[in-house]
Amino acid sequence: MIRSSKLSWISCSSSRKRKELATLERFLRALQDQGEKPKRVFFTSSTSAYAQQRGEWIDETSPANPRRPAGEILVLAERLLLASGFDTTIVRFGGIYGP
């Protein structure tokens, strides 16, 4: 975790999701307890939050209905951030592949 008066950041990478979700909860609680108010929280999520499995098109209006545990944890983290009262931006990156 990196923390300063101008920046608050926490990682929620693809490994150790449940532990990092608990860490995110503690981090948000600590910010609130200390009266910290970040200008904006950016969270990098994943398209695994969607139920898409057969290459169908998705966009920001597609329902977040993950079918795997990693996607479920990401959606829980997104909801936790959105309910935190902090201005939050969530970006769901897709896998990059090609020839």
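Residues numbered from 1 in each chain as written. Predicted model: local features only at pLDDT ≥ 70, side-chain atom pairs only at ≥ 80, totals over all residues. Heavy atoms only, no water.

In this section: the environment of N65. By the element assignment, N65 lies in the loop between strand 3 (41-46) and helix 2 (69-83). Separated by 17 residues in sequence, N65 and S48 place their C-alpha atoms 8.9 Å apart. (Helix = DSSP H or I, 4+ residues; strand = E, 2+ residues; numbered from the N terminus.)

Before going further, it helps to examine the pattern of salt bridges. All chains considered together, the criterion is met by one salt bridge. The closest approach of N and O atoms between R92 and E78, which form a salt bridge, is 2.4 Å. Of the two residues, R92 is situated in strand 4 (residues 88-93) and E78 in helix 2; the sequence distance between them amounts to 14 residues. (Salt bridge = Lys/Arg side-chain N within 4 Å of Asp/Glu carboxyl O.)

Here I73 lies in helix 2. Under the relative-accessibility criterion, I73 is labelled buried at 2%. Measuring from C-alpha to C-alpha, the distance between I73 and S45 comes to 9.9 Å, with 28 residues separating the pair along the chain. Those residues within four positions of I73 in sequence are excluded, and the remaining contacts are K17, R18 and L21. (Buried < 20%, exposed > 50% of the residue type's maximum accessible area, 1.4 Å probe, protein only. Contact = heavy atoms within 4.5 Å.)

Here we take up the environment of P63. With respect to the helices, strands and loops of the structure, P63 is situated in the loop between strand 3 and helix 2. Given the relative accessible area of 62%, P63 is considered exposed. Put simply, P63 and Q52 are eleven residues apart on the chain and 9.5 Å apart in space, counted from C-alpha to C-alpha. Not counting residues within four places of it along the chain, the set of residues in contact with P63 comprises A49, Y50 and A51.

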